Amino acid sequence: MIRLIAACMLLTCALTVRADPPRVDHHAGEPAPTLTVALANLQDYNARLAAILAQDELTAADLAVVHELTYTLENALARIREDVALVAEHLEAVHLASERADVATVRDRGRSYLDGVRPLSHDR
């Protein structure tokens, strides 16, 4: 029994040592409370990322900045994905309501669709 326990402990230690190397500290990134903020963050942080990637060589400091930028970009994309999914639901409701000649739903959900998609369009 003692040998079995010792073997398990040895295996646990071996698996722990084999685990992935420690990750870099995580950052919260800029929040994206609305689609408009998410789109602004996406534009700003994409420009920052593009400027770094345009360099001939990337230093460790550059990689650290890229690492931090990705958190804000991930937050922005998550908000965009969430809002676009909701807008798509509104449009599908409009589509189905138009097939049924359901004027009230077409108007109501059509307005919701237009309000939701407005930040994505050029005529904001």
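Along each chain, residues carry numbers from 1 onward, in the same order as the chain's sequence is written. Given that the model is predicted, a residue must reach a pLDDT of at least 70 before its local features are reported, and side-chain atom pairs must reach 80 or more before they are shown or counted; all residues, however, enter totals for whole chains, interfaces and linings. The basis for every side-chain value is the complete set of non-hydrogen atoms in the structure, without hydrogens or water.

Some details on the nonpolar core
Piece 1. Here, nonpolar core refers to any group of buried Ala, Val, Leu, Ile, Met, Phe, Trp, Tyr and Cys residues whose side-chain atoms link them within 4.5 Å. Here the term buried applies to any residue with accessible area under 20% of the maximum for its type, exposed to any over 50%, and partly exposed to those in between, with areas from a 1.4 Å probe on protein chains only. Within the largest apolar cluster, 13 residues are counted, with the highest numbers of intra-cluster contacts made by Ala-38, Leu-42, Leu-49, Leu-69, Leu-73 and Ile-80.
Piece 2. Residue assignment for this core shows that the elements contributing at least two residues are α2 (35-53) and α3 (60-99).
Piece 3. Numbering of helices and strands runs from the N terminus, with a helix taken as a DSSP run of H or I at least four residues long and a strand as a DSSP run of E at least two residues long. With seven residues, α2 is the largest single contributor of residues to this core.
Piece 4. Throughout, a residue-residue contact means that at least one pair of heavy atoms, one from each residue, lies within 4.5 Å. Beyond its immediate chain neighbours, meaning those up to four positions away, Ile-80 contacts Leu-35, Ala-38, Leu-39 and Leu-42.

So, the side chain of Asp-62
Piece 1. Within the secondary structure, Asp-62 sits in helix α3.
Piece 2. Note on charges: Lys and Arg go in the positive column, Asp and Glu in the negative column, and His and the chain ends are not counted at all. Each salt bridge in this description consists of a side-chain nitrogen of Lys or Arg and a carboxyl oxygen of Asp or Glu lying within 4 Å of one another. One buried charge, Asp-62, has no salt-bridge partner; the nearest side chain with opposite charge is Arg-48, at 13 Å.
Piece 3. Once you skip the residues sitting within four places of it in the chain, Asp-62 turns out to touch Ile-52, Gln-55 and Glu-57.

A look at the pattern of salt bridges
Piece 1. Scanning the entire structure with this criterion turns up five salt bridges.
Piece 2. Note that Arg-79 is salt-bridged to Asp-83, the shortest N-O span being 3.2 Å. Note that Arg-79 and Asp-83 are positioned in helix α3 at a spacing of four residues, about one turn of the helix.
Piece 3. A residue is classified by how much of its surface remains accessible, and Asp-83, at 16% relative accessible area, is buried.
Piece 4. Arg-100 serves as the salt-bridge partner of Asp-102, at 3.6 Å between the closest nitrogen and oxygen.

Quick notes on the packing of α2 against α3
Piece 1. Put simply, α2 and α3 touch, their axes get as near as 9 Å, and they point 150° apart. Comparing their axes, α3 and α2 come out roughly antiparallel. Between α2 and α3 the crossing geometry is left-handed. Contacts from Leu-35, Ala-38, Leu-39, Asn-41, Leu-42, Tyr-45, Asn-46, Arg-48, Leu-49 and Ile-52 of α2 reach α3 at Asp-62, Val-65, Val-66, Leu-69, Thr-72, Leu-73, Ala-76, Leu-77, Arg-79, Ile-80 and Asp-83.
Piece 2. Residues were grouped as follows: Ala, Val, Leu, Ile, Met, Phe, Trp, Tyr, Cys and Pro as nonpolar; Asp, Glu, Lys and Arg as charged; and all remaining residues, including Gly, as polar. Considering only residue class, the contact of α2 with α3 consists of 14 nonpolar, three polar and four charged. Each axis is a line fitted through C-alpha atoms, taken for helices only over the stretch in contact, and angles between the N-to-C directions span 0 to 180 degrees. Note that the term roughly parallel is reserved for angles under 35 degrees, roughly antiparallel for angles over 145, roughly perpendicular for angles of 65 to 115, and oblique for everything else. Note on convention: the crossing is left-handed when the near helix lies turned anticlockwise from the far helix by less than a right angle, right-handed when the turn is clockwise.

Some remarks on the confidence of the model for the protein
In low-pLDDT segments, the atomic positions of the prediction should not be examined closely.
Piece 1. Residues with a pLDDT of 70 or more make up 78% of the protein, whose mean pLDDT is 86.
Piece 2. Residue-level confidence of the predictor is what pLDDT reports, using numbers from 0 through 100. Scored below 50 in pLDDT, residues 4-8 shows zero contacts in the model against residues more than four places distant or in partner chains.
Piece 3. Per-residue pLDDT stays below 50 along residues 14-18; that stretch engages in zero contacts with residues further than four places along the chain or on separate chains.

Concerning the packing of α3 against helix α4 (residues 103-117)
Piece 1. The contact between α3 and α4 brings their axes to 8 Å, and the two run at 155°. The orientation of α3 with respect to α4, classified from their angle, is roughly antiparallel. In this structure, α3 meets α4 at a crossing whose hand is left-handed. Residues Val-87, Glu-89, His-90, Leu-91, Ala-93, Val-94, Ala-97 and Ser-98 of α3 lie in contact with α4, whose contacting residues are Thr-105, Val-106, Arg-109, Gly-110, Ser-112, Tyr-113, Gly-116 and Val-117.
Piece 2. Looking at the contact of α3 with α4 residue by residue, the class counts come to eight nonpolar, six polar and two charged.

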